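Spelled out, the chains give:
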Amino acid sequence: MALLEVEDLSVTFARRGQRAVHAVDGVSFSVDAGEVVGLVGESGCGKSVTSLAIMGLLPKQPGLSVGGKAVFDGTDLLQLDDRSRRDIRGRDIAMIFQDPLSSLNPVIPIGLQVTEVLTRHRGMKGETAAKEAAALLDRVGIPDPKRRLKEYPHQLSGGMRQRALIAMAVACQPRLLIADEPTTALDVTIQAQILELLKDLVRDSGTALLMITHDLGVVAGMCDTVNVLYGGRVVETARRRPLFRQPRHPYTVGLLGSVPRLDAGRGEKLNPIPGSVRDLLPWPDGCAFAPRCARRTDECVGEPPELVHAHDGRSYRCVNPEPLPGMVPAPREEESA
Amino acid sequence: MSERTENDILVEVRDLKVHFPIKRGVLFDRVVGQVKAVDGVDLSIARGKTYGLVGESGCGKSTLGRALLQLTPPTAGEVSFDGVELTTLPSGKLRSMRRRMQMIFQDPMSSLDPRQNVESILTEGLQTHGIGADRTDRRRIIGETLDAVGLPRWALSRYPHEFSGGQRQRIGIARALVLGPELIVADEPVSALDVSIQAQVVNLLDELQDSLGLTYLVIAHDLAVVRHISDTVGVMYLGALVEEAPSDRLYTEPLHPYTRALMSAVPVPDPDVEDRRERILLAGDLPSPANPPSGCRFHTRCPWAQPTRCADERPVLRNIGASRVACHFAEQIASGELRPHGVSAQIVRPEGEGDTPGVVSAPTEPGSYV
């Protein structure tokens, strides 16, 4: 039984006089206890909206409709009322955002922001809470934690702010941690520090981590299972190694071919994906990637491709996937069976 | 004008310094300190080659690029472009030199005027420099440039907001190219773009170099991108070059401790590589350039720092093989004679400015513009 089971999640933003935007369009994936799962995709693929919908953090506005299920430990998060959702949020599920400066309150000292979580969910007070907060800051590697508690977010560097945010997130030992681009705003050496910290926390406390990122390098180093998103749909799900070794969906193939690698030589040509994400307009029903896809067939245009479960435990949403090397491409009926 | 040989140097920078004053006071400004954004950089760029400049935010790489083009006046030092000394050139002459050295900016949305259509953006430079006999001639030049960067002709009548991020960056490249420059300084040319689009632009820059013989100075924080397009790479830390080497050599044999740490921190999209490699984690943050550490600027975070020399003697760039390295103990570190030790993180705070953090800025996150 998975810890978090997201089933057919869809988020639609509708505005009067305009066509509705299907930001997330039938996303399903699951996170097991203690597992690190990646949601990878480029901007606009719906990865952040997915996480916000799970957490119930999407702004309540007319025209927003959220469908599907997000079952966390037996309860559907999408059906919860605000009160019980607040109980779960911060205690069982915590979240780290991309930009720590905008997710910390600039006029409240760090210490108060950390103890707030402890007071709300663990019923701690005064001295005890402050002690625990200092211990938390120490655990995430902030030097001189007692002094830092009295400081404001702007007095800390970007990396330290992100550490403070992580301290708040792990304050209640959540069972699931959602990290939305946690290192994108940081320099590489700081990024390495933060990723190492997240790895340690996950290993030591058995917290499951849902990692949302655009960086395939980060995914390669951290995730057990990877979900690749494109145009609001999961186009491929696989374990880390098979995904990088033998990607099946043409988009995954294209993404891997586009990334310049540090260990590749000068002058090795990149293989970019032609076109841009915006090229989905004329294909409202078919595969969102079809306009940019080199393996496009006539079938791709009609209706959304079905999720194919391959024999090796991976699944992809493509009618004409990249053949496995050394294998004669099998007829599709056999493969989906 | 210098001779055009194989190892022809187009740009020569000597001991370049750019210091910004820190001012205080209500009625009268008084200068209370200097931010040494660039503090003594020597480098030369060969004609038709690409020089990549890497470093973390705040290391002065962008300021160096701007000072090279005289967009920010240097405090001291010399910049010679094709034999002409730029720092002492009168402004009129400098302006006509600008035709030969152009810049591509990071964020095409903020570097292109939203109220100018593409044709007007591209014509402006031509008119300023008096290129093209008449309107039809200019249109021909612009048309050729659009073909070169892979934009359709109908783009001419459109405005920047009508394009996607990748296309906007192509407009930015076209704007630089239309004048027929020799040197292009590209400041984070792909960091605002999604990976699939990033690869398109990187390939475009490569192709343009091949067909037009351009010389590039590429400034970026993404080491993989820089390695991909550069012949020579310079690594900057706190306003100075710490290592410079041919691209492949820098990646296979980094000599400076900072370069080693930087290389080991870059994630590689390959699980096998990721699981095998050893990370050198640096402690703490980049110190403030207003109050840089004494001696070697990296010694406060260096896992190989020694009690002697590192804290009190600033290392100069010296040749080791094909590389130039600013480290007293580069050989001993390379041979394994010196072992890394633990470093505790220090809180970074500029002196006299107790409330401001030493490190604030971060690279603009990629993928924020489509």
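For the structure itself, look to the data block above.
Residues numbered from 1 in each chain as written. Chains lettered and ligands numbered in written order. Predicted model: local features only at pLDDT ≥ 70, side-chain atom pairs only at ≥ 80, totals over all residues. Heavy atoms only, no water.

*Asks:* I would appreciate a short explanation of the sheet that holds strand E12 (residues 315–316) of chain A in the present structure.
*Replies:* Hydrogen bonding along the main chain pairs the strands of a sheet, whether they run parallel or antiparallel. Residue and element names in this part refer to chain A. With mixed pairing, 8 strands are arranged side by side in an open sheet as E6-E7-E8-E3-E9-E10-E12-E11. Only two strands of the sheet have a single partner each, and these edge strands are strand E6 (93–96) and strand E11 (308–309). Note: E6 against strand E7 (residues 176–180), 4 bridges, orientation parallel. Bridge assignment links Ile 96 to a residue of E7, and that residue is Ala 179. (Pairing = 2+ DSSP bridges. Helix = DSSP H or I, 4+ residues; strand = E, 2+ residues; numbered from the N terminus.)

*Asks:* Can you walk me through the interface of chain A and chain B in this structure?
*Replies:* Interfaces are often sized by the accessible area lost when the parts come together. On the chain B side, the residues contacting the 58 residues of chain A number 66 residues. A combined buried area of about 5200 Å² lies between chain A and chain B, and 55% of that area is made up of carbon and sulfur atoms. One can count 5 salt bridges joining chain A with chain B. As a salt-bridge pair, Arg 241 of chain A and Asp 272 of chain B come within 2.1 Å of each other at their nearest N and O atoms. For the pair chain A and chain B, the interface holds 15 residue pairs in polar contact (both at pLDDT 80 or more). The set of elements that each furnish at least two residues to the side of chain A that touches chain B consists of helix H7 (158–169), helix H8 (188–205), helix H9 (216–222), helix H10 (240–245) and helix H11 (250–258) of chain A. Counting residues per element, the side of chain A that touches chain B draws most heavily on H8 of chain A, which supplies 8 residues. Residues that form the side of chain A that touches chain B fall into these classes: 22 nonpolar, 18 polar and 18 charged. (Contact = heavy atoms within 4.5 Å. Buried area = accessible area lost by both parts, 1.4 Å probe. Salt bridge = Lys/Arg side-chain N within 4 Å of Asp/Glu carboxyl O. Polar contact = N/O pair within 3.5 Å; in protein donor to acceptor, adjacent residues only side chain to side chain. Nonpolar A, V, L, I, M, F, W, Y, C, P; charged D, E, K, R; others polar.)

*Asks:* Can you help me understand H11 of chain A in this one?
*Replies:* In an α-helix, one full turn covers 3.6 residues, which means residues spaced three or four apart are oriented alike. Extensive coverage of H11 of chain A is indicated by the burial of 7 of its 9 residues. Three or more residues of H11 of chain A are buried, namely Pro 250, Tyr 251, Thr 252, Gly 254, Leu 255, Leu 256 and Ser 258 of chain A. Buried residues in H11 of chain A make contact with H9, strand E9 (225–230), strand E10 (233–239) and H10 of chain A together with helix H7 (195–212) of chain B. (Buried < 20%, exposed > 50% of the residue type's maximum accessible area, 1.4 Å probe, protein only.)

*Asks:* What should I look at first to understand empty space enclosed by the protein in this one?
*Replies:* The rolling of a water-molecule-sized probe over the atoms marks out the regions of remaining empty space. Under the defined criterion, the tally for this structure stands at 9 cavities of 30 Å³ or more. The residue inventory of the lining of the second largest cavity, partitioned by class, reads 11 nonpolar, 3 polar and no charged. (1 Å grid on protein atoms, 1.4 Å probe; cavity = no way out; pocket = protein on both sides within 12 Å on 5 of 7 lines; lining within 4 Å. Points joined across faces, edges and corners; volume = space filled by probe spheres on them.)

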